[in-house]
Amino acid sequence: MESLRSSSLQTPFFFSQSTVLSNKSVSNPRTISPLMHRAKSRFEPLRCTTSHSSETEAKPKETKLWGGRFEDSVTDIVEKFTESISFDKQLYKHDIMGSKAHASMLAEQGLISFSDRDSILKGLDEIERRIEAGEFVWRTDREDVHMNIEAALTDLVGEPAKKLHTARSRNDQVLTDFRLWCRDAIDRIISSIRHLQVALVKLALNNEGLIIPGYTHLQRAQPVLLQHLLLAYVEQLDRDAGRLLDCRARLNFCPLGACALAGTGLPIDRFMTSEALGFTAPMRNSIDAVSDRDFVLEFLSANSIIAVHLSRIGEEWVLWASEEFGFITPSDSVSTGSSIMPQKKNPDPMELVRGKSARVIGDLVTLLTLCKGLPLAYNRDLQEDKEPTFDSVKTITGMLEVSAEFAQNITFNDKRIQKALPAGYLDATTLADYLVKKARYFGIPFRTSHDIVGRSVALCVSKNCQLQDLSLEDMRNLSPVFDNDVYEFLGVENAVKKFSSYGSTGFACVADQLYDWAAKLEINKSTCH
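All figures in this text were calculated on a predicted structure; none of them were measured in a lab.

**A few points about the pairing of strand 2 (residues 219-225)**
- Where strand 1 (residues 211-216) lies against strand 2, six bridges are found, and the strand directions are antiparallel. Opposite I211, over in strand 2, you have L225 as the bridge partner.
- Counting the residues in the hairpin turn of strand 1 and strand 2 gives two residues, including H217, whose phi is positive at 55°.

In structure tokens form, the structure reads like this:
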């Protein structure tokens, strides 16, 4: 350090001694030029010193609960970088649940006294009360939700709190909290899915008999009942709920008692804590228990599929609300305007549903990337699993809620839809079915029927008319099979009436489906309209 002072600090690198010194002795301070004095004073603050004033000396930090073998505290930068309390504090309720179950088990196994257990439970109740009342101070120097609660418990009840972490690690503790949180989150999302399903079924009940163009490749294909299309959304959402239920069943196993990764030699009862927390059973492998994130990946994957479904609904409704379609009119309560164009009325909620699907998918990709290169068992990288999961749940819940709100505040424009129906020859396939039915007597294969109807459409294009406007003579010129009964198959309403296969858009089939869904979702039809 002394050589540093004498070279770099006392003589700046951009001055040579020949420049700043005269031929007189260097030991004489008067021989140093004024320029050198100024340069020297400029660099003076850079000198290292070993003494500190009492005013600048840092206050001692609280000793970490894990800090027994450490002599120095972590730096502020490291502490700020590694803390998770800023986001994992929302696990507090589940952390307290797990600690209560663990304390009760320790007492039953004779690892702590019942008096200590009672002190711990009472202290945890008080901490939960303070958190929910907004009185609890979350401290960054206590790193995470677990350390904050345990340290606060020690402040409250003293020595008994220090026994709570017996036969437990933060590794199995956080996984227990996280599984409990995800389990509750799944239940909330399923409830939101049901709410949207109810809104869609009610919308279907309120639009009985309304026929709309059905599309493939975004081109008009066949006529369908609006109710049938709305029930398609309901079916998708039901599979979404099913995936979440499957995920819930697989995640509902308890890691508590796996400790850091190897279990413990203490006589704990993992089945007792598992049962107390509503888990199916303890996880069978302690290494798997603390390293597994399959349940989160599966959860976020299910959320991503929900997001894609909602995005497709959003896309369809945004299109239908446009002037080009005009099939729906959202109410003012679910629309926004333009800051510059006063005539605009935008379906912004569904545009944002479409957009926010990217966030949910991104959260899944984050977790997949996080987990792909990790060795067993626990690694600190896994602290990064919380924020994407919290974001995914918050976003998907908001998407479901606003989609239900939008569905409850739109009107289908019957006249505009009716006016749009004639275009596109939507009854062409039904006409082909007519010829196939005649095949029993005339031996016409479907491909031949397809060709005949194609030529019929071409004739309509040349005449600028609909299939039902062709004369019987025109049709017989294309095929002698046509007879007067052909007109019972033409026109969108007749076409819909002819659909009879299970799951089709026929009136009877859709009515049955609506009845089943109304019963399943416990919808009182009298409350519709």
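Once you've had a look at it, read on.
**Digging into the side chain of D292**
- Tracing the chain through its elements places D292 in the loop between helix 13 (286-291) and helix 14 (294-320).
- Here D292 falls in the buried class, since its relative accessible area comes to 10%.
- There is a polar contact of 2.8 Å between the side chain of D292 and the backbone nitrogen of D294.
- Once residues within four sequence positions are removed from consideration, D292 is found in contact with L175, R179 and M283.

**Concerning the packing of aromatic side chains**
- Evaluated as defined, the whole model comprises 12 aromatic pairs.
- Geometrically, the ring pair formed by W317 and F406 is stacked, given 5.8 Å between the ring centres and 25° between the ring planes. Here the residue W317 occupies a position in helix 14, and F406 occupies one in helix 16 (residues 386-407), the gap between them amounting to 89 residues.
- A relative accessible area of 1% places W317 in the buried class.
- Centroid distance W320 to F412: 6.2 Å. Interplanar angle 75°. Geometry classified as edge-to-face.

What counts, and where the lines are drawn
- Residues numbered from 1 in each chain as written.
- Predicted model: local features only at pLDDT ≥ 70, side-chain atom pairs only at ≥ 80, totals over all residues.
- Heavy atoms only, no water.
- Pairing = 2+ DSSP bridges.
- Helix = DSSP H or I, 4+ residues; strand = E, 2+ residues; numbered from the N terminus.
- Buried < 20%, exposed > 50% of the residue type's maximum accessible area, 1.4 Å probe, protein only.
- Polar contact = N/O pair within 3.5 Å; in protein donor to acceptor, adjacent residues only side chain to side chain.
- Contact = heavy atoms within 4.5 Å.
- Phe/Tyr/Trp six-rings, centres within 6.5 Å; stacked < 30°, edge-to-face > 60°.

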